[in-house]
Amino acid sequence: MEKKFVINRVDLGQRVTGYEVFNAAVNGGEVIGRTVKQLGEAVKAGDVLGMVLDANGALKLDEAKGFHAIMVKTGIGTLTSTDPAAVANLMYTVYRRDGDNFKVISSRFGRQTFCADKIKALLDLGAVNGVVLDGDTLRCAWELEPQTQERTKETAKK
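Residues numbered from 1 in each chain as written. Predicted model: local features only at pLDDT ≥ 70, side-chain atom pairs only at ≥ 80, totals over all residues. Heavy atoms only, no water.

Chemist: I keep staring at the environment of threonine 113 and nothing clicks. Help me out?
Modeler: Along the polypeptide, threonine 113 turns up in strand 11 (residues 111-115). As a C-alpha pair, threonine 113 and threonine 74 span 39 residues in sequence and 28 Å in three-dimensional space. Not counting residues up to four positions away in its chain, the partners in contact with threonine 113 are Asn101, Phe102 and Lys103. (Helix = DSSP H or I, 4+ residues; strand = E, 2+ residues; numbered from the N terminus. Contact = heavy atoms within 4.5 Å.)

Laid out in structure tokens, this is it:
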């Protein structure tokens, strides 16, 4: 089963009302709205990348897999970053890799293909999620997943 990716958070005033999640496996990709509760259950089941549950069961960005900031929709056409120091007004999320090319979806749902050099440049700007620079190698969130699960099992044994 292909994973889904958190793209945006949706707020109403000061309250988080939900999240927009990208499912690349359906008809070339679709964006689905999820409530906080629905997303929490999907994260717990391992269906969605980009968020993890903290010790209190609250959702937070999965920084270990390269999700450092997402865009927040507070109105029609209004996107702001969860990172107050962000210079970018658009975030990209890597959802598929084809050799040295990376398929991305933007926080405005545009789909493009970027080369590795462009992904590295976006990483420097803090404008891409779902990818981590490991030395000179780019590793995608789903490629990091087995290691994270193994580490969790090892920690549980100790």
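Picking up after the structure, the text goes on.
Chemist: I'm lost on the side chain of serine 106 in this one. Help?
Modeler: Along the chain, serine 106 turns up in strand 10 (residues 101-106). Residues contacting serine 106, with those up to four places away along its chain left out, are Ile7, Leu90, Met91 and Tyr92.

Chemist: What's the story with the pattern of salt bridges in this structure? I'm lost.
Modeler: Two side chains carrying opposite charge are able to pair once their charged atoms lie near each other. Applying the stated criterion across every chain, the model contains 5 salt bridges. In this structure, the salt-bridge partner of lysine 73 is glutamate 20, at a minimum N-O distance of 3.1 Å. A residue pair is termed long-range when its members are at least 10 positions apart, and lysine 73 in strand 7 (residues 71-75) and glutamate 20 in strand 2 (residues 15-23) qualify at 53 residues. Accessibility expressed as a relative area gives 14% for glutamate 20, which makes it buried. The salt bridge partner of aspartate 134 is arginine 139, with a shortest N-O separation of 3.5 Å. (Salt bridge = Lys/Arg side-chain N within 4 Å of Asp/Glu carboxyl O. Buried < 20%, exposed > 50% of the residue type's maximum accessible area, 1.4 Å probe, protein only.)

Purely geometric numbers; function is a separate question.
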